[in-house]
Every structure is written in C-alpha cells, then in structure tokens.
Amino acid sequence: MILPSSISKNTYLAYKGSENIEGQRKLKAENFEWNSNHPKTLVIICIEKLSDNWIGVPALEDFIAKDRDFFLQILSTDVPLQILVDNIKNDIFWKRCYYSKWTHYPSDSDQKPWINIFMEQHYADILENMNPRLYDPEKVKNLVKLCGPYIQSLSLKSLVPTDLPDQRNTSPEMVGIISGQRQANKFQMNKISETMTRDHISLHAALGSLINLTELHIIFQQRFVGVEYRRDQFQFTNNDAKNLARGLENCALLKTLRITRSDMNCQRVKYVLRGLTDNFNIETLDFSHCRIGDDGALIIAKFILKRDKLRSLILADNVFGPIGLENIASVLNHASCGLRTLDLRLNNRLGSEGIGHLAVAIARGCNLTSLNISGCGIKPGPLQKPPAGVWSALNAENPPTCGDLLARAIGLVKTPLRSLDISVNDIGSPSDSILSNAICLSYLVDINLKRSGMGSTAMAIAESAAAAQRLRREAEKGIRFRRSAGRVVQARRVVKGMNIDADPLLLAQQLSARPSIVSVASEEGYFSVQTQPLPIDFGFVPALKSPMPSSRTSSITGPPTSRRSSHHNILEPVQEVLRATLVRRRSDGSLIQPRADNSERHIKIYVSNENSKI
C-alpha cells in the first residue's frame, strides 16, 4: 500500500508514532508498508497493467470508485498531456503532476483548480525557454489550443533573446593582414554588436487565443545568463512591443497588465497601450522599473482618462519628471477617471514641483484612496514654480513648500485619501508640523513617515492620529471595545506600535468611543495633545511650542474628547487660526450640515505637561 497523495507528508509525520514511546504497540495504522509481503490481488495486478499502458482507454468512468482512486495514485505523470487533459479532471492527480515538476508552492492554490495551476506553469515554462530562432507559430497555436482554456493568469519572468548571427571564422591576424585595418574593424564590430537589436519570441500567437486570460505579467530579460553575458540580452525592442500589442488585442477579459524590469521607453508604451484600445475591463497597470519619460507619462494619462474601471496605476522607478506627473495629475479630477491607487515611489526626478501638482489634484477632489510618493525627492525649500491657482497674489512673495501643499490637500475634509506613504523624503521644518496637524484633521488610517524629514514630535502626533482613526473605524463598524484579554492585547500593540505613552486599556476605551489625540511620546518629551471639533473655518496650526520636561509617569489627562463633540477640557492653547469655509463630511462620506453663519469654530491644538497644574 502506498501513501495516498491526498494526505500531506507533514500530517503523516505529525501523527507518526515513536518507537520509544509506543514500542509495544502492534497495530500501526500509519504504516503504509504493512502489506508489502502480501501477494497482490488480481484486481490490483490488472490496474497496474492498465496504468503502465494507458492511452485513455478504458475511461475513468468505467472504474469503480475504489479502483479509480488507486489508478490515479499509481498513474505516471509522463503520460502525454493531451490524453491527461481529455480524460482526467481530478484535482488530486493534477496536484501530484505539479509537484512532480516544480517544488515551489503556488500562491493561488486555494483559488484555482490544480489543473489550471499546472497548465499556467507548464505554458509559462515553454515560452520562457523557447529560442526565437526555433519558434514555430503552428506549434504554439496547438499548444494554446490545449492549454488556453485553463490559463487565467500568466507570468513570464524571463524570455530568451534572438541569438547573434555567426561571425566568419577568421583569425584576427589574418584579418589584419588582409585588410590592414585590424583596429578599425574591431571598433566597427563592437559598435555593430552594441546597436544590434535582439527580438524575443512573438507573443502574438502565444496570447491571441488565451480567451480566459485575466492577468499578465511579463519581464523582458534573462534570469540566467552565465558566461555569455551581453548588454543587449536585456533589450525590449519595438518589434517586441508591437507583437505584444497584437496579442493583447484579443485578450478581452484582461484586467491586470504588468510589464516590469524591462527596457520600455515612451514609444514602446504607446505600442503596448494601443493594443488595449478596445479593452475597457482593465483594472491594474504596472509599469514599474522601466524607462518611461515625460512623453510616456502623457500617453498613460490619455489612456487612463478613458478607462473608468482602472483602479490601480503603478509607475515606480521610472524617469519622468514634473511635466509628466502634471499630465497624470491633470486627469485625476476628470469624471471618467476612476483611479484609486497611485504608486510613484522611487521617482526621484519628480521633486517638490512634481508632487506639488499631485497635491493640487488631491485638493480639488480626486478619487485617490492610496498614494505612495516614497523616495520622490521632496525638498524643504519653497517651490520655484508653484502650481497655478493654489497661492494667492498676497502671498506671492512667500511661495509654499511641497509640505504646505500636501498639508492643504490632506487636511481637506472631502479628501477620500486613506493611505499615504511619504517616506524617504525631506519635508523639513516648519512644514512637518503643518503636515502633522493636517493628518490629525484627515481620515488617514495608514501612513508611513519613516525617514521623511519630519521632526519626532510631528511624526508622533501624526502616527497617533492614524492609530486613533483606525480604532474609530472599527468602532463605527460595530466592533465595540470589551474588557477582555484579547482586546487588551490588541490595545497594547497599538500603544507600542504607535509610540503612544498611555495605559492601553484606558486608551483603547477612549479612542474607540470618543477618539482624540492624547499623551504623545517623542524623543523631545511627552505631550498631551487634544483637538477641538473639526471646523468649518478651515486652516492649519503653526509649529507647536517647545516640549515640556519629560515625565515617565504621564497618563491620559482630561475627560474623553472627540473632534465631533463640543465638550472638551481646555488646556494651554498654542494658537488659533481662521481660514476659508469648507464643508465637512463624516468618516462614511456623508455630508454634515453646517451651523449658522454667525457661529465661529476654530482649530486649536492644546499642549500640556503632566506635571503642570491646570
């Protein structure tokens, strides 16, 4: 008896008994070799003979259930694929076929049948190892006809370029004697080899018949080069882009397209997006680690303008600058743009000017909920060319910084932004305090401020605000805080992770019911910061006062407060600022009716020390 493939080896080892503990036990159910010395029955002998010479006859339906399971356990995975696909749909058998060829565990094994996973990996391996000189479109079409109905996701992590043409077998000395220009010929040969394009296999036939394809990820490079390394082995040529576009024209169900770590410039982006002209189901575009410039960003902006289902755009590590980002930002406020996630990390050519254009688009009410501008070269100085219409003529002599524009955009009540990553930048002071106050007034629940150039106090306040907002969202969804061990552990993790110096139980109770910014710990001291209700007269509070002497015994002071409650404990006010009137919204997005025009409400940040007397 063999170990059934339906039983995990880890499960077998976990339940396998130890001889030291159960040495006297005679019946061992986990011993699958108990009948190795028994003579085989006639049924088992017949099934073994059938499995050795099986070509699809007899059909699996002709076996009884017990014999069918045993037949699938001993059937060889080297049977021609056409026979297996036509006759076997058993998930356990295809799982055994997969692990007989590959050792890595697929990430989507719980979402797809194993026959789909096997076909996707099998088809990808054939395309990745196919030499373009041996490419046969008819064979590829037959392969697509066999595997195509089962392929939903295709990932090509490497493609083989065309081989270089063979050079004439002549010694260098003979070349020098014949021509008398050995050095000139050597220089010319090197120049030709550097400029020679090396196309990959044509993806027109490989993708044209994949009618169920919904996700495609391609990397035009080689993973294994060896001693024959050449710079032109990593090319992504115009012919590759054109063939890919022709293949994408027939992929009507495609929702995700990823072309990463490839030499894709502006012209090739134009070719690729031309293949998606008739595809209005695309939801994700990922062109990370490419060479897309300002012209390519303009082409992408025109493309997303006409795709209301496009939700995610990833352009990490490219070469476009402020002009390219201005083109993308200009379409974010269009009614037909449904973009929700924008990833621009590692684009250090954008600088403060480029991010300023994006901040203006956010302030004008775009639909972005997640923004990543990590490592984009933000500087603390004022903008040389501020975006038009964001700074009044009265303040023309004092242009804003990029941090000021981000604060104005994030602090707006109408902004649907929930996730922000501004790490690895240089916000500087006093923009960091203004930005932290804006985060307190926003509905951000996920922020990353590591190495952002913000002060420790400003970072602590902003991270505490995000922690409070997360607990508030849980409370609004019906998750009420209870005095239990699990809730206390969760609150303690929030306190420790957000660097908040407070009692976990009291803090979680307060923030879940009536959230507020309290007892913020930083390198410069310990503070108790509270805010008044979110104002109609909107503005930003300047930098905080210098910290009080630190105290390790600080705790939550004052009664529970809320930005939506009119009851609060007045501590030492820092400053009071009035700004233009804006409408407010609740966390669920519904509008709040404004108060009477004669009533005035202000933003106040209160800072106090625990040892000071009120």
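Residues numbered from 1 in each chain as written. Predicted model: local features only at pLDDT ≥ 70, side-chain atom pairs only at ≥ 80, totals over all residues. Heavy atoms only, no water.

(A) Representation of the overall build of the protein chain. A count of helical and extended segments in the protein chain gives 20 helices and 15 strands. Within the protein chain, contacts between residues at least 6 apart in sequence are counted, and of these 77% link residues at least 24 apart. Of the roughly 32700 Å² of accessible surface on the protein chain, a fraction of 51% belongs to carbon and sulfur atoms. (Helix = DSSP H or I, 4+ residues; strand = E, 2+ residues; numbered from the N terminus. Contact = heavy atoms within 4.5 Å. Areas by Shrake-Rupley, 256 points an atom, 1.4 Å probe, with all protein chains shown as cover.)

(B) How the structure looks around the sheet that holds strand E9 (residues 446-448). Read from one edge of the open sheet, 9 strands run E1-E2-E3-E4-E5-E6-E7-E8-E9, paired in parallel fashion. Of all the strands in the sheet, the pair left with one neighbour each is strand E1 (153-156) and E9. Strand-to-strand, the axes of this sheet are offset by a mean angle of 0 degrees, without reference to chain direction. Relative to strand E7 (residues 370-372), strand E6 (residues 341-343) runs parallel, the two being bridged by 3 bridges. By the bridge assignment for E7, Leu342 is matched with Leu371. (Pairing = 2+ DSSP bridges. Axes fitted to C-alpha atoms, helices over the stretch in contact; angles between N-to-C directions.)

(C) Quick peek at the environment of Lys450. In this structure, Lys450 sits in the loop between E9 and helix H18 (456-476). For Lys450, a relative accessible area of 61% gives the class exposed. (Buried < 20%, exposed > 50% of the residue type's maximum accessible area, 1.4 Å probe, protein only.)

(D) Molecular detail of the pairing of strand E3 (residues 256-259). Bridge count for strand E2 (residues 215-218) against E3 is 4 bridges, and the pairing is parallel. Following the sheet pairing, His217 is matched in E3 by Arg258. By the bridge criterion, 3 bridges tie E3 to strand E4 (residues 284-286) in an arrangement that is parallel. Of the residues in E4, the one forming a bridge with Thr256 is Thr284. Note on the crossover from E3 through helix H12 (residues 266-274) to E4: the handedness is right-handed. (Right-handed = clockwise from strand over helix to strand, strands pointing away.)

(E) Focus on the side chain of Ser423. Along the chain, Ser423 falls in the loop between strand E8 (419-421) and helix H17 (431-441). Among the polar contacts listed, one links the side chain of Ser423 to the side chain of Ser374, at a separation of 2.9 Å. When neighbours within four sequence positions are excluded, Ser423 is seen to be in contact with Ile373, Ser374, Gly375, Asn448, Lys450, Arg451 and Ser452. (Polar contact = N/O pair within 3.5 Å; in protein donor to acceptor, adjacent residues only side chain to side chain.)

(F) Representation of the packing of aromatic side chains. Under the defined criterion, the tally for this structure stands at 10 aromatic pairs. By the ring-pair criterion, three or more aromatic residues cluster together here, those being Phe93, Trp94, Tyr98, Tyr99, Trp102, Trp114 and Phe118. In this structure, Arg307 is placed above the aromatic ring of Phe280, and the distance from its NZ or CZ to the ring centre is 4.6 Å. (Phe/Tyr/Trp six-rings, centres within 6.5 Å; stacked < 30°, edge-to-face > 60°. Lys NZ or Arg CZ within 6 Å of the ring centre and 35° of its normal.)

(G) View of the pattern of salt bridges. Summed over the entire model, instances satisfying the criterion amount to 8 salt bridges. In this structure, the salt-bridge partner of Arg258 is Asp286, at a minimum N-O distance of 3.1 Å. Pair noted here: Arg258 is in strand E3 and Asp286 is in strand E4, with a separation of 28 residues, a long-range link. The salt bridge partner of Asp263 is Arg268, with a shortest N-O separation of 3.8 Å. (Salt bridge = Lys/Arg side-chain N within 4 Å of Asp/Glu carboxyl O.)

(H) Seen up close, helix H3 (residues 65-74). Residues Asp67, Phe71 and Leu72 constitute the buried set of H3. For H3, the arc enclosing every buried residue in end-on projection is 135 degrees, short of the 170-degree limit, so these residues lie on one face. Looking at the buried residues of H3, the elements they touch are helix H2 (42-52) and helix H5 (91-101). (Arc of directions from axis to C-beta.)

(I) Quick peek at the packing of helix H16 (residues 402-410) against H17. Close contact between H16 and H17 brings their axes to 8 Å; oriented N to C, the two are set at 10 degrees. By the angle between their axes, H16 is roughly parallel relative to H17. For the pair formed by H16 and H17, the contact residues are Gly403, Asp404, Leu406, Ala407 and Ile410 on the first element and Ser431, Ile434, Leu435, Ala438 and Ile439 on the second. Its residues placed into classes, the contact of H16 with H17 shows 7 nonpolar, 2 polar and 1 charged. (Parallel < 35°, antiparallel > 145°, perpendicular 65-115°, else oblique. Nonpolar A, V, L, I, M, F, W, Y, C, P; charged D, E, K, R; others polar.)

(J) Local environment of the pairing of E2. Burial along E2 is one-sided: Leu216 and Ile218 are buried, and none of Glu215 and His217, which face the opposite way, are. In the sheet, E1 pairs with E2 via 4 bridges, with the strands oriented parallel. Following the sheet pairing, Leu154 is matched in E2 by Leu216.

(K) Fine view of the layout of surface pockets. For the second largest pocket, the calculated volume is near 510 Å³. Only helix H6 (114-128), E1 and E2 provide two or more residues apiece to the lining of the second largest pocket. No other element matches H6, which puts 6 residues into the lining of the second largest pocket. Here the lining of the second largest pocket is composed, by residue class, of 5 nonpolar, 6 polar and 8 charged. Looking at which domains feed residues into the lining of the second largest pocket, each of domain 1 (40-106) and domain 2 (119-162 + 199-224 + 232-386 + 400-479) gives three or more. (1 Å grid on protein atoms, 1.4 Å probe; cavity = no way out; pocket = protein on both sides within 12 Å on 5 of 7 lines; lining within 4 Å. Points joined across faces, edges and corners; volume = space filled by probe spheres on them. Domains from an automatic or database assignment.)

(L) The environment of Ala206, seen in detail. When you line up the elements, Ala206 lands in helix H10 (residues 203-208). Along the sequence, Ala206 and Leu143 sit 63 residues apart, while their C-alpha atoms lie 8.7 Å from each other. Apart from residues lying up to four places away in sequence, Ala206 is in contact with Tyr123, Leu127, Tyr135, Val140 and Val144.

(M) Main features of the confidence of the model for the protein chain. Summary statistics for the protein chain give a mean pLDDT of 76 and a share of 67% for residues scoring 70 or more. The low-confidence segment residues 165-182, where pLDDT is below 50, has 11 contacts with residues more than four positions distant or belonging to other chains. (pLDDT = per-residue confidence, 0-100.)

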